[in-house]
Amino acid sequence: MKEVWTTLASMMGVWAFSQSILQVVFPPEIRFAILKIIHRICNWFSAYCYYDITEIDGVNTNELYNAVQLYLSSYACVTGNRLSLTRGLNSSNITFGLSNNDSLIDAFNGVKVHWEHVVTPRNSQTFSWRPLPEEKRGFLLRAKKKDKSVVLGAYLDFVMEKANEIRRKNQDRLLYTNSRGGSLDSRGHPWESVPFKHPSTFETLAMDPQKKAEIMADLLDFANGESFYQRTGRAWKRGYLLYGPPGTGKSSMIAAMANFLGYDIYDLELTEVHTNSELRKLLMKTSSKSIIVIEDIDCSINLTNRKNNSSSSSSYNVSPPGSGGVGSNSEDGGGNTITLSGLLNFTDGLWSCCGSERIFVFTTNHIEKLDPALLRSGRMDMHIHMSYSSFAALKILLKNYLGYSEDDVEKELLDQLEQVMWRAEMTPADISEVLIKNRRNKDKAVWELLEALKTRAERNDNKSNNNAGKSKENNTIEDEEQVKRALLVESPKEGSGDELQEKCDKEKGHEVNDDEKVL
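As the structure is a computational prediction, the values presented were derived from the model and not from experiment.

> What is the right way to read the pattern of salt bridges from this model?
Pairs may arise between side chains of opposite charge once their charged atoms sit close together. With the rule as written, the count across this model stands at seven salt bridges. Across the pair Arg238 and Asp218 runs a salt bridge, and its minimum N-O distance is 2.8 Å. Taken together, the residues span a long stretch of sequence, with Arg238 in strand 11 (residues 237–243) and Asp218 in helix 5 (residues 209–223) at a distance of 20 residues. Each member of the pair Arg238 and Asp218 is classed as buried. In this structure, Glu357 and Lys289 form a salt bridge, with 2.8 Å as the shortest nitrogen-oxygen distance. With Glu357 in the loop between helix 10 (340–348) and strand 16 (358–364) and Lys289 in the loop between helix 8 (276–284) and strand 13 (290–294), the pair connects residues that are 68 residues apart, well separated along the chain. Note on Glu357: relative accessible area 5%, which makes it buried. Of the residues examined, Lys289 reaches a relative accessible area of 23% and is grouped as partly exposed.

> For this particular structure, what's the right way to read the sheet that holds strand 6 (residues 103–108)?
Each strand in a sheet pairs with another by means of backbone hydrogen bonds, the pair being arranged parallel or else antiparallel. Read across the open sheet, the four strands follow the order 1-8-7-6; overall the sheet is antiparallel. Strands at the two margins of the open sheet, each flanked by one partner only, are strand 1 (48–54) and strand 6. Across this sheet, the average inter-strand angle for adjacent strands is 25°, counted without regard to direction. As paired strands, strand 7 (residues 111–121) and strand 8 (residues 135–144) are joined by eight bridges and run antiparallel to one another. Residue pairing for strand 8: His114 is matched across the bridge by Arg142.

> Looking at this model, I keep getting lost on unusual backbone geometry. Mind explaining?
If a residue is not glycine, its phi is most likely negative; likewise, a peptide bond is most likely trans. Here Lys289, not a glycine, exhibits a phi torsion of approximately 55°, which is positive. Look at Asp296: it is not a glycine, yet its phi comes out positive at around 50°. Looking at the secondary structure, you find Asp296 in the loop between strand 13 and helix 9 (297–300).

> What should I look at first to understand the sheet that holds strand 17 (residues 382–385) in this one?
Taking strand neighbours across the sheet as the criterion, the seven strands line up as 10-9-12-13-16-11-17 in an open arrangement whose pairing is mixed. Edge strands, defined here as strands with exactly one partner in the open sheet, are strand 10 (192–195) and strand 17. In this sheet, neighbouring strand axes are inclined to one another by 20° on average, regardless of whether the strands run parallel or antiparallel. Of the strand pairs in this sheet, strand 11 and strand 16 are connected by seven bridges, and their pairing is parallel. Opposite Arg238, over in strand 16, you have Ile359 as the bridge partner.

What counts, and at which threshold
- Residues numbered from 1 in each chain as written.
- Predicted model: local features only at pLDDT ≥ 70, side-chain atom pairs only at ≥ 80, totals over all residues.
- Heavy atoms only, no water.
- Salt bridge = Lys/Arg side-chain N within 4 Å of Asp/Glu carboxyl O.
- Helix = DSSP H or I, 4+ residues; strand = E, 2+ residues; numbered from the N terminus.
- Buried < 20%, exposed > 50% of the residue type's maximum accessible area, 1.4 Å probe, protein only.
- Pairing = 2+ DSSP bridges.
- Axes fitted to C-alpha atoms, helices over the stretch in contact; angles between N-to-C directions.

Here is the structure:
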């Protein structure tokens, strides 16, 4: 046994001596060139080619990596032996995926490919402008060289289309928010997301049916209009402006649009955005087939109408109006600012073309406060007035909350509701509150709703009469003033100025004393 250990030690010594001699004779450059030549020779005789699909490409997230991960998640649950199962917070779906460094075989049109999920530790000494994940993630695709054209062409296109289909149909739609402003997380995402589960649809939306049909047709034309936008040279995007009093269903309309098209929603909070560059960064990180929403834009930042503003500055403070903030042209110092130009470029400039099939939705309660530059076509292509409830919208609310159709309500009661509806000016939120409160007693709910509508209508009528009376009184005073001015103009023909003044005073029913005559 002693001789064996002695021989082994001698061999290790010879190996160490030979290795040191090789390092002296062959410097690192020569060794690297030799290994490179050997690698090329092996590739030359190999029947396979390899493709790396990394998770992060430079500073951006690789969309192909996400598509492959989603595509393989549906395929792995059937053929895979070792799976990674995840379920997000508040999510109803379980996501399947390949485990670290696991592999599977896929087939497409008679072509077999081999997928491997490669995960390796990241070098901690690597310098980066932003934090990077601790692990390098990527997919290694192996295919035969004779199938190279099929794999790089039809197969990868199929993977992308299948991933988009799975994302729309099987996965939960997501609601994104920029709660961190424009800062990035470890994987380069400035958005945080939660599953989007809003139940609003166009069927349940309290709005005139004809108007809903027009909006749905416009959305379908947009979603199916890729060839049209390419042929006309326009960016594949569309802008909607929802305006009207509070409680008229603007947020429900956005949810119905997302559920109708199967799009994700990016809720952009402008008060969290510090500069124009952060705004562009957020836009670049949005995905296709999404709705980018800026709610209550007149309250988010002070983008008032420039025609009504004496200031010529185009920079606005990123703080709610009335909070005391003052916009400045500098992006450093006390207040963080974005400019109107930056917001316009976000919706209709060159940066808005960094993606496709996206919808911009702005909401406001006071359209007259917005700058006309935000309202023109190309930025806001369709203006939708969310008004008070009509009788048609009321019937939808009765069906939603009480399960009542027209035949379930007495005709006389329906006629009374229709007569008072247009005068009451109640929003869908006001009507819903009455119906929800009495939903256990449906008949009581309808009658109480009628009383609430009558009360609101009487109050509106009294308010209108008071305004009409004030207007009439103001008109009477103006007429009297015009008569007085006319009599003063004709004073040379009718007598002295004192007599005309006394005549005017008498017409008004006033007594003129001697002191006034002297004056």
